[in-house]
Protein chains: 4
Amino acid sequence: MTGTTVASTPQAATDRPRGAAPLNLADYRAAALKILPTAAFDYLEGGAADEHTVRWNHEAYQRLALLPRVLAGHVGAHTGCSVFGTALDSPILLAPAASHRLFHPGAEAATAHGAAAAGALMTVSTFSSQTVEEIGATATGPWWFQLYVQRDRALTAELVRRAAAAGARACVVTVDTPVTGVRERDLRNGFALPSHGTPANLAHVQGSSTHGAIHDPRIDPAVGWDDLERLRAVCGLPVLAKGILRAEDAQRAADAGFGVWVSNHGGRNLDTAAATLSALPAIAERVAGRVPVIVDGGIRRGTDVVKALALGADAVAIGRPYVWGLAVGGADGVRDVVQTLRRETELAMALVGAATLDDLTADLVVPAGVHRP
Amino acid sequence: MTGTTVASTPQAATDRPRGAAPLNLADYRAAALKILPTAAFDYLEGGAADEHTVRWNHEAYQRLALLPRVLAGHVGAHTGCSVFGTALDSPILLAPAASHRLFHPGAEAATAHGAAAAGALMTVSTFSSQTVEEIGATATGPWWFQLYVQRDRALTAELVRRAAAAGARACVVTVDTPVTGVRERDLRNGFALPSHGTPANLAHVQGSSTHGAIHDPRIDPAVGWDDLERLRAVCGLPVLAKGILRAEDAQRAADAGFGVWVSNHGGRNLDTAAATLSALPAIAERVAGRVPVIVDGGIRRGTDVVKALALGADAVAIGRPYVWGLAVGGADGVRDVVQTLRRETELAMALVGAATLDDLTADLVVPAGVHRP
Amino acid sequence: MTGTTVASTPQAATDRPRGAAPLNLADYRAAALKILPTAAFDYLEGGAADEHTVRWNHEAYQRLALLPRVLAGHVGAHTGCSVFGTALDSPILLAPAASHRLFHPGAEAATAHGAAAAGALMTVSTFSSQTVEEIGATATGPWWFQLYVQRDRALTAELVRRAAAAGARACVVTVDTPVTGVRERDLRNGFALPSHGTPANLAHVQGSSTHGAIHDPRIDPAVGWDDLERLRAVCGLPVLAKGILRAEDAQRAADAGFGVWVSNHGGRNLDTAAATLSALPAIAERVAGRVPVIVDGGIRRGTDVVKALALGADAVAIGRPYVWGLAVGGADGVRDVVQTLRRETELAMALVGAATLDDLTADLVVPAGVHRP
Amino acid sequence: MTGTTVASTPQAATDRPRGAAPLNLADYRAAALKILPTAAFDYLEGGAADEHTVRWNHEAYQRLALLPRVLAGHVGAHTGCSVFGTALDSPILLAPAASHRLFHPGAEAATAHGAAAAGALMTVSTFSSQTVEEIGATATGPWWFQLYVQRDRALTAELVRRAAAAGARACVVTVDTPVTGVRERDLRNGFALPSHGTPANLAHVQGSSTHGAIHDPRIDPAVGWDDLERLRAVCGLPVLAKGILRAEDAQRAADAGFGVWVSNHGGRNLDTAAATLSALPAIAERVAGRVPVIVDGGIRRGTDVVKALALGADAVAIGRPYVWGLAVGGADGVRDVVQTLRRETELAMALVGAATLDDLTADLVVPAGVHRP
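Per an unreviewed UniProt entry, chain A is named Alpha-hydroxy-acid oxidizing protein, and its organism is Streptantibioticus rubrisoli. In its Cofactor (unreviewed entry) section, the UniProt record describing chain A reads: "FMN". Chain A has a UniProt comment under Sequence similarities (unreviewed entry) that states "Belongs to the FMN-dependent alpha-hydroxy acid dehydrogenase family."

Scanning chain A for helices and strands turns up 14 helices and 12 strands. For 373 residues, the compact-globule estimate of 2.2 N^0.38 gives 21 Å, and the C-alpha radius of gyration of chain A, at 20 Å, lies within 12% of that figure. Overall, chain A is about 75 × 45 × 40 Å in size when its C-alpha atoms are taken along their principal axes. Buried positions account for 64% of the 373 residues belonging to chain A. Considering only contacts within chain A whose residues lie at least 6 apart along the sequence, 74% involve residues at least 24 apart. Split by element, the accessible area of chain A, about 11,900 Å² in all, is 51% carbon and sulfur. Here chain A carries 33 positive and 36 negative side-chain charges, and the mean point of each set is 2 Å from the other.

To continue, consider the arrangement of the chains. One thing to see here is that chain A and chain C don't touch, and their nearest C-alpha atoms sit 14 Å from each other. A minimum C-alpha distance of 14 Å separates chain B and chain D, which share no contact.

Right, let's get into the environment of D:Val54. The residue D:Val54 is located in helix α4 (residues 52-62) in this model. The sequence separation of D:Val54 and D:Ala117 amounts to 63 residues, and the corresponding C-alpha distance is 29 Å.

In this section: helix α12 (residues 276-287) of chain B. An ideal rise of 1.5 Å per residue puts 16 Å on 12 residues; α12(B) measures up with 15 Å between its terminal C-alpha atoms. When α12(B) is considered as a whole, its buried residues turn out to be B:Thr276, B:Leu277, B:Ala279, B:Leu280, B:Pro281, B:Ile283, B:Ala284 and B:Val287.

This part takes up the sheet that holds strand β9 (residues 259-262) of chain C. Residues and elements named next belong to chain C. Taken in spatial order, the eight strands close into a barrel running β4-β5-β6-β7-β8-β9-β10-β11, and their pairing is parallel. The sheet shows a mean angle of 30 degrees between the axes of neighbouring strands, taken without regard to direction. Across the face of the sheet, helix α14 (residues 320-352) comes into contact with β4 (92-94) and β11 (315-318) while running at roughly 165 degrees to β4.

Moving on, we get to the pairing of strand β10 (residues 293-296) of chain B. All names here are of chain B. Here β10 shows a buried face lined by Val293 and Val295 and a second buried face lined by Ile294 and Asp296. Pairing analysis gives three bridges linking strand β9 (residues 259-262) to β10, with the strands arranged parallel. Within β10, the residue paired with Val260 across the bridge is Val293. Once you follow β9 into α12 and on to β10, the crossover reads as right-handed.

Attention now goes to the sheet that holds strand β9 (residues 259-262) of chain A. What links the strands of a sheet is backbone hydrogen bonding, and the strands pair in either a parallel or an antiparallel sense. Taking strand neighbours around the barrel as the criterion, the eight strands line up as β4-β5-β6-β7-β8-β9-β10-β11 (chain A) in a closed arrangement whose pairing is parallel. When strand polarity is set aside, the average angle formed by the axes of neighbouring strands in this sheet is 30 degrees.

All names here are of chain D. Residue alternation in strand β9 (residues 259-262) divides its side chains into two sets, Gly259 and Trp261 and Val260 and Val262, and both sets are buried. Pairing of strand β8 (residues 239-244) with β9, which is carried by four bridges, proceeds in the parallel orientation. Each bridged residue has a counterpart across the sheet, and for Leu240 the counterpart in β9 is Gly259. For the segment spanning β8, helix α11 (residues 247-255) and β9, crossover handedness is right-handed.

With respect to the helices and strands, the residue D:Arg101 is situated in the loop between β4 (92-94) and α5 (107-117). Expressed as a C-alpha distance, the spacing of D:Arg101 and D:Ser129, which sit 28 residues apart in the sequence, is 5.9 Å.

The subject of this paragraph is the packing of aromatic side chains. Here the structure, examined in full by the defined rule, presents 12 aromatic pairs over all chains. When the ring centre of A:Tyr43 is taken as origin, the NZ or CZ atom of A:Arg268, which lies over that ring, is 4.7 Å away.

Residues and elements named next belong to chain A. On average, residues of chain A score 91 in pLDDT, and 90% of them are at 70 or above. Long-range and interchain partners of residues 1-19, a stretch whose pLDDT sits below 50, account for 37 contacts in this model, where long-range means more than four residues apart. Within the model, the stretch residues 208-212 combines pLDDT values under 50 with eight contacts to residues more than four positions away or in other chains. As a predicted assembly, this complex carries a pTM of 0.93 together with an ipTM value of 0.92.

Here C:Thr131 shows up in the loop between β5 (121-124) and α6 (132-138). Contact partners of C:Thr131, with chain neighbours within four places excluded, come to C:Arg162, C:Ala200 and C:Asn201.

What follows is about the packing of helix α5 (residues 107-118) of chain B against helix α14 (residues 320-352) of chain B. Residues and elements named next belong to chain B. Across the interface, α5 lies against α14 with an axial gap of 9 Å and an inter-helix angle of 20 degrees. Comparing their axes, α14 and α5 come out roughly parallel. The two elements α5 and α14 meet at a crossing, and its hand is right-handed. Residues Ala107, Ala110, Thr111, His113, Gly114, Ala115, Ala117 and Ala118 of α5 form the contact with α14, whose own contacting residues are Tyr322, Leu326, Gly330, Ala331, Val334, Arg335, Val338, Gln339 and Arg342. Looking at the contact of α5 with α14 residue by residue, the classes come out as 10 nonpolar, five polar and two charged.

With that settled, the discussion passes to the state of the cysteines. All names here are of chain B. Scanning the entire structure with this criterion turns up zero disulfides over all chains. Of the cysteine sulfurs around Cys171, a residue in no disulfide, the closest is that of Cys235, at 5.0 Å. Of the residues examined, Cys171 reaches a relative accessible area of 1% and is grouped as buried.

Turning to unusual backbone geometry, a few remarks are in order. Residue and element names in this part refer to chain D. Unlike most non-glycine residues, Ala107 shows phi in positive territory, near 55 degrees. If you check the backbone angles, Ala288 has positive phi at about 55 degrees while not being a glycine. Among the structural elements, Ala288 can be located in the loop between α12 (276-287) and β10 (293-296). You can call Ala288 exposed: its relative accessible area is 55%.

A word on the side chain of B:Gln130. Residue and element names in this part refer to chain B. Within the secondary structure, Gln130 sits in the loop between β5 (121-124) and α6 (132-138). In this structure Gln130 comes out as buried when scored by relative accessible area, which is 12%. A polar contact is formed between the side chain of Gln130 and the backbone nitrogen of Glu108, at a distance of 3.2 Å. Side-chain polar atoms of Gln130 contact the backbone nitrogen of Ala109, separated by 2.8 Å. Among all residues touching Gln130, those that are not within four sequence positions of it are Arg101, Gly106, Ala107, Glu108, Ala109, Ile135, Ala200 and Asn201.

Before going further, it helps to spend a moment on the environment of B:Leu270. On the secondary structure map, B:Leu270 appears in the loop between β9 and α12. With relative accessibility at 5%, the residue B:Leu270 sits in the buried group. Taking C-alpha positions, B:Leu270 is 9.7 Å from B:Val179, a pair spaced 91 residues apart along the chain. If we skip the residues at most four places from it in the chain, B:Leu270 touches B:Ala48, B:Thr53, C:Leu66, C:Pro68, C:Thr303, C:Ala348, C:Leu351 and C:Val352.

Rules used in this analysis
- Within each chain, residues carry numbers counting from 1 in the order of the written sequence.
- Working convention: letters from A go to chains and numbers from 1 go to ligands, in the order in which they are written.
- This being a predicted model, a pLDDT of at least 70 is required before a residue's local features are given, and a value of 80 or more before pairs of side-chain atoms are given or counted; all residues contribute to the totals for chains, interfaces and linings.
- Hydrogens are left out, water is left out, and the side-chain values use all remaining heavy atoms of the structure.
- UniProt positions are given in the numbering used here, feature names are shortened, and annotations may be inferred rather than shown by experiment.
- A run of DSSP states H or I qualifies as a helix once it reaches four residues; a run of E qualifies as a strand once it reaches two. Both are numbered from the N-terminal end.
- It is over C-alpha atoms that the radius of gyration is taken, and the globule rule equals 2.2 Å times the number of residues to the power 0.38.
- Think of it in three bands: with a 1.4 Å probe and only protein chains considered, a residue is buried below 20% of the maximum accessible area for its type, exposed above 50%, and partly exposed in between.
- Contact criterion: two residues are considered in contact whenever any of their non-hydrogen atoms come within 4.5 Å of each other.
- A 1.4 Å probe and the Shrake-Rupley method give the accessible areas. Residues count as covered only by the protein chains that appear here.
- Only four residue types enter the charge count, namely Lys and Arg as positive and Asp and Glu as negative; His and the chain termini do not.
- Each charge is placed at NZ for Lys, CZ for Arg, CG for Asp and CD for Glu.
- A helix is expected to span 1.5 Å multiplied by its residue count minus one.
- At least two DSSP bridges between two strands are needed for those strands to be called paired.
- Note on geometry: axes are C-alpha line fits, over the in-contact stretch for helices, and angles between N-to-C directions span 0 to 180 degrees.
- Place the viewer so that the strands point away; then a crossover is right-handed whenever the path from the first strand over the helix to the second strand goes clockwise.
- Aromatic pairs are defined between Phe, Tyr and Trp rings, using the six-membered ring for Trp, whenever the two ring centres lie within 6.5 Å; interplanar angles under 30 degrees are classed as stacked, those over 60 as edge-to-face, and all others as tilted.
- Geometrically, a charge over a ring is one whose NZ (Lys) or CZ (Arg) sits within 6 Å of the ring centre while staying within 35 degrees of the ring normal.
- Each residue carries a pLDDT score, the predictor's confidence in it, ranging from 0 to 100.
- Note that the term roughly parallel is reserved for angles under 35 degrees, roughly antiparallel for angles over 145, roughly perpendicular for angles of 65 to 115, and oblique for everything else.
- Take the far helix as your reference; a near helix turned counterclockwise from it by less than a right angle gives a left-handed crossing, and one turned clockwise gives a right-handed crossing.
- Side-chain classes are defined by residue name, with Ala, Val, Leu, Ile, Met, Phe, Trp, Tyr, Cys and Pro counting as nonpolar, Asp, Glu, Lys and Arg as charged, and the others, Gly among them, as polar.
- Cysteine sulfur atoms that come within 2.5 Å of each other are treated as a disulfide pair.
- Here a polar contact means two N or O atoms within 3.5 Å. Within protein one must be a hydrogen donor candidate and the other an acceptor candidate, and residues neighboring in sequence count only if both atoms are side-chain atoms.

The structure is reproduced here in structure tokens:
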């Protein structure tokens with residue numbers, strides 16, 4: 001018996017993290033926790049109220065088990081896909097997140113570089129710390145623009161036109177935030193987003209503060225389906241509705257040709273909103289492939305990606321994880337996080353016997369721990 | 001990247017707790033724990049036996065998830081409602097609790113002032129530390145009287161007549177206490193209610209102690225439906241039966257025109273009695289809107305209020321939380337607790353896409369964590 | 001506000017434990033833990049293997065909730081019942097337990113006195129530390145004899161004849177112990193029952209040790225239904241089969257007129273045997289009232305008794321709890337434990353609206369935490 | 001009352017562990033933890049990613065309860081069975097595990113001796129630290145050969161021919177490892193199998209490293225059903241497919257006459273793969289007795305063996321537990337682990353009323369904790 005060991009896969013030695021390097025997304029979180037100021041980490045980590053939904057999003061994946069197919073007889077797994085006409089190397093998207101500068105001086109430009117390096121589509125937030133023009137000028141990969149509909153509809157129209165002009169390939173309209181959820185970590189930390197004071201994209205606008213206490217002075221609480229129609233006409237881009245959890249809302253979106261982004265805002269708005277994965281199957285059934293279905297919330301492992309796609313999503317979006325990467329290593333950190341998740345996804349696909357994303361079908365997934373003797 | 005932050009909603013800065021101020025009801029509990037004598041806190045906090053029901057009441061809300069509607073296209077949420085002919089600003093009631101003086105020298109008068117300031121209906125206990133006349137004289141908002149039917153029915157009739165004369169708008173007859181539950185915290189603390197020695201409303205009555213060990217000397221264990229009929233005739237007020245968990249009991253109450261108060265006495269009487277929320281849907285179905293349905297037990301968040309109303313309650317009642325507020329800040333504390341819960345309710349309504357309480361329908365609520373691939 | 005308190009129910013002050021006195025059965029366990037040698041406590045407390053069934057027995061009660069009936073309009077609750085022709089004050093029996101002298105020098109005689117004082121029927125173990133003649137001579141209340149069928153059937157017949165002659169009113173044949181379970185606590189403690197060396201009832205018999213390793217030298221692993229028939233003929237007493245968990249076994253017992261004792265030997269024989277309460281409803285359905293149904297395992301509260309009876313048991317048996325009482329206070333301890341549980345049962349009956357045991361029907365019980373919106 | 005105790009079953013005193021000796025498989029694990037280097041213990045203990053499946057495998061057994069039959073009227077329990085024509089003393093097999101030398105200098109030869117002493121069939125890994133010739137020459141009991149299909153099919157054919165020539169009675173083809181799962185414990189420990197450098201059976205082969213990063217340079221990711229057919233023809237032995245979790249894969253195997261080994265590779269490849277026990281019933285139903293069904297994963301107690309066989313397995317395989325035994329005591333340790341589990345199995349069979357393995361039927365098993373009042 002000897003203590004000596006040799007690497008079984010030398011070629012992996014170079015692209016796999018070693019020693020103290022992050023092995024998985026949780027490691028990136030741990031690294032970010034060490035270097036970020038508490039208030040910034042808490043802003044990223046926290047959710048509304050008691051943070052049940054934050055937890056549920058994550059746990060939903062751990063309640064499902066996989067039933068892999070064996071002896072499929074093929075080599076390797078390919079993650080290529082196409083979403084709203086954009087060909088992508090992988091079905092992993094970056095969800096919108098406000099104020100990247102809070103996490104790294106490279107801000108959204110760094111994220112965009114990392115995303116492009118990893119072949120991941122980025123979604124730029126209305127409350128980005130750089131303007132859509134700045135980001136669009138530096139981005140080498142595809143990106144979408146996330147929109148909070150402003151009370152000032154002329155301003156809203158200007159925003160989406162600017163995003164389209166800067167290169168955005170779709171407009172993701174957030175529909176789950178008529179009011180902003182109360183995130184008690186931020187209140188306890190006395191934290192508020194710099195972007196809410198002077199968000200780059202709105203630097204020329206004077207914020208109003210004449211509305212009710214629970215309402216954001218800028219974000220319009222009275223957005224309707226017709227607003228989405230008008231926005232699509234204004235920007236000439238595909239439009240996705242982000243924040244859908246009900247099957248009938250998904251059906252209405254699909255009927256109108258809007259993409260469906262299944263989200264509960266990462267548990268940051270309405271605590272005890274249903275876990276996104278639990279809402280996905282009914283939504284996918286109603287959409288029936290007519291428009292793309294994206295799902296975010298709680299995805300931390302390649303097997304999570306496989307489950308989401310098996311249950312009807314066309315792509316997944318990650319939020320907190322890539323910001324951990326950004327905080328830890330700027331563009332390289334973003335790239336590494338995406339690549340880690342993508343490699344795990346490829347591995348999980350191979351292990352369930354799937355050669356392409358189309359092979360990820362619902363019969364691969366069963367409730368964990370259920371047993372009927 | 002800068003550490004400077006600005007408040008996104010300046011108007012909120014003045015009406016939201018800041019720093020060490022309580023942000024939510026749990027914070028009020030923590031503050032009350034610090035200042036109340038152990039025996040008083042335990043009396044409030046504790047329940048019967050192993051306190052399963054105390055816990056279940058709370059957990060029942062956390063087992064349900066919300067499926068919000070999006071793009072509803074309206075502004076804000078209104079919590080106005082009417083219960084048994086009394087128009088209320090919000091569907092949040094104060095449940096009866098004995099001996100407020102145990103928690104604050106201002107006693108029930110302080111509670112009444114706080115309730116009125118927050119637009120909440122108060123329920124005054126038979127075992128209040130002030131008389132109904134004292135409370136009625138100072139109360140500026142609507143209030144109900146809670147009745148333990150006394151062995152002496154003449155005394156009972158006198159009590160409800162006095163309450164009606166003092167301004168009570170309804171009589172809430174407790175029907176779940178033929179005997180008092182054993183609260184072991186109180187026994188271990190050697191604690192007994194001052195009110196049970198000389199409750200203000202019964203100061204002129206000599207307590208009897210000739211009954212069985214498990215029976216209270218005054219409270220009648222043999223109350224029947226006909227007693228409720230007679231009481232209604234005596235006081236001329238609407239009568240509610242408080243402590244109903246079975247659908248057939250609710251049906252009988254509704255058939256007779258009595259309001260239905262779904263309660264297990266806060267888990268203080270029969271341990272392992274069903275959680276009130278789990279009993280609510282079947283009850284609401286039988287009542288079918290004929291009489292008001294109130295539910296108490298475990299409500300700590302605005303989303304709890306939304307769920308209770310979505311599942312058929314016309315209003316909710318809180319007990320321990322407002323007493324925490326009373327202990328911490330007298331009338332202001334009561335007001336702040338109610339306002340905190342009401343603000344959370346408005347926020348939750350807006351986030352589920354409800355403009356009025358009528359929009360809170362059962363399809364908003366699904367079991368959490370259930371997933372059918 | 002004053003810290004002074006007065007007792008609400010002075011008459012209760014004398015018969016309720018105060019201060020450090022035990023309030024409930026768990027308190028008796030804690031007291032026994034303090035005074036018993038570790039090996040004796042562990043022998044009593046432990047179960048087979050990983051002790052899942054020990055835990056499941058207990059948890060089964062906590063997974064069921066009660067739906068009390070209100071306004072029943074009667075006073076008090078009576079626990080009188082009749083089992084196999086013996087009128088009993090309460091449906092609480094003492095399950096057989098070996099070697100009471102291990103826990104108190106008064107041994108089985110002390111237990112018998114305590115049981116009689118509390119109106120509880122006692123079951124005397126084959127492996128009692130006193131003979132059936134000694135126990136029968138001192139017992140003032142009704143008792144049954146528990147039989148392990150011996151390999152020597154003549155000896156077995158002699159045992160039950162002696163028990164009948166000594167006053168036993170029924171013979172409880174243990175049917176769940178063809179072999180003895182491995183209790184690892186005992187092996188780690190190097191503990192073995194004194195009774196297994198020289199059990200009083202078998203003092204004149206020389207134990208054999210020529211059987212397989214997993215078999216007890218005396219207990220017969222090959223007992224059949226015909227043995228029960230023969231034993232009944234031999235002793236002329238009602239016979240109960242103790243250790244039934246399957247509905248078809250219960251049916252066969254009832255068809256033959258044997259009482260059904262639902263038990264998994266307190267989790268001491270087959271780990272992961274089903275919790276007794278979970279097995280009860282199907283058994284009660286098959287028995288259909290033809291013979292008495294007893295259930296033991298995990299009963300610690302009056303609400304547990306109520307649930308067991310509501311789900312079809314005619315009586316319950318407690319084991320570990322009365323031995324805690326015996327260890328703590330001899331006959332008085334046994335009496336106090338039974339009275340505590342009985343008082344809790346009366347209280348629970350009153351609170352669910354039951355005047356007699358016949359009022360305890362299955363509709364009082366629902367799964368805890370189940371909610372169908 | 002006396003502290004003296006006597007052994008109840010003297011004959012057991014010699015073959016049962018005493019004092020600090022291991023009583024059960026968990027004890028062997030604890031002992032192995034003490035003596036193995038961390039990296040070796042972690043390699044054995046760990047699984048893929050978050051190790052959910054490792055845990056689920058184990059927990060699946062604890063979610064099932066047993067409903068024993070009583071008064072079966074027979075003596076003792078026999079565990080004899082026959083698998084693919086080989087008569088075995090017990091249905092306990094040793095699953096393949098790489099590099100036994102890592103755990104004990106006696107390596108696979110020691111394991112083979114221990115297995116034979118306990119009457120258990122051993123499965124030799126492709127990545128054994130001794131050659132099949134060395135193992136076959138020393139093995140006195142039956143053994144099978146586990147095959148990872150190599151990219152070089154000529155080499156693969158040579159391997160199985162060598163195994164057959166060395167005495168293997170069946171060929172177990174691993175079908176769940178097109179790629180190797182990421183075991184993060186090993187990465188953190190900087191651990192890689194010595195065998196992966198120079199596995200004994202492949203010492204004459206030069207490893208290739210021209211494949212993708214997620215693929216092992218030798219193991220072929222593109223194995224199909226036809227490969228199994230060819231292998232069977234080459235080696236002339238019965239072939240089992242190891243790593244099946246889906247009923248349709250089991251059906252295809254059975255249709256072709258391949259044995260079905262239900263496995264998720266001990267949770268080491270695809271995390272959140274379904275627990276093997278939860279997959280077993282549907283598989284057993286499809287196989288319908290046509291070929292042997294083996295199940296591994298999480299078996300630690302005799303009651304686990306009983307449950308697996310009751311739910312349709314013909315035999316079970318243990319992995320980690322026998323390696324604990326090997327680490328602790330070489331051949332004797334392997335023997336002791338198997339004998340401990342076998343003795344527990346016999347005991348459990350006796351306690352559920354089963355005389356032979358054929359008596360272990362599905363009606364003995366019910367979900368734990370389920371209760372329908």
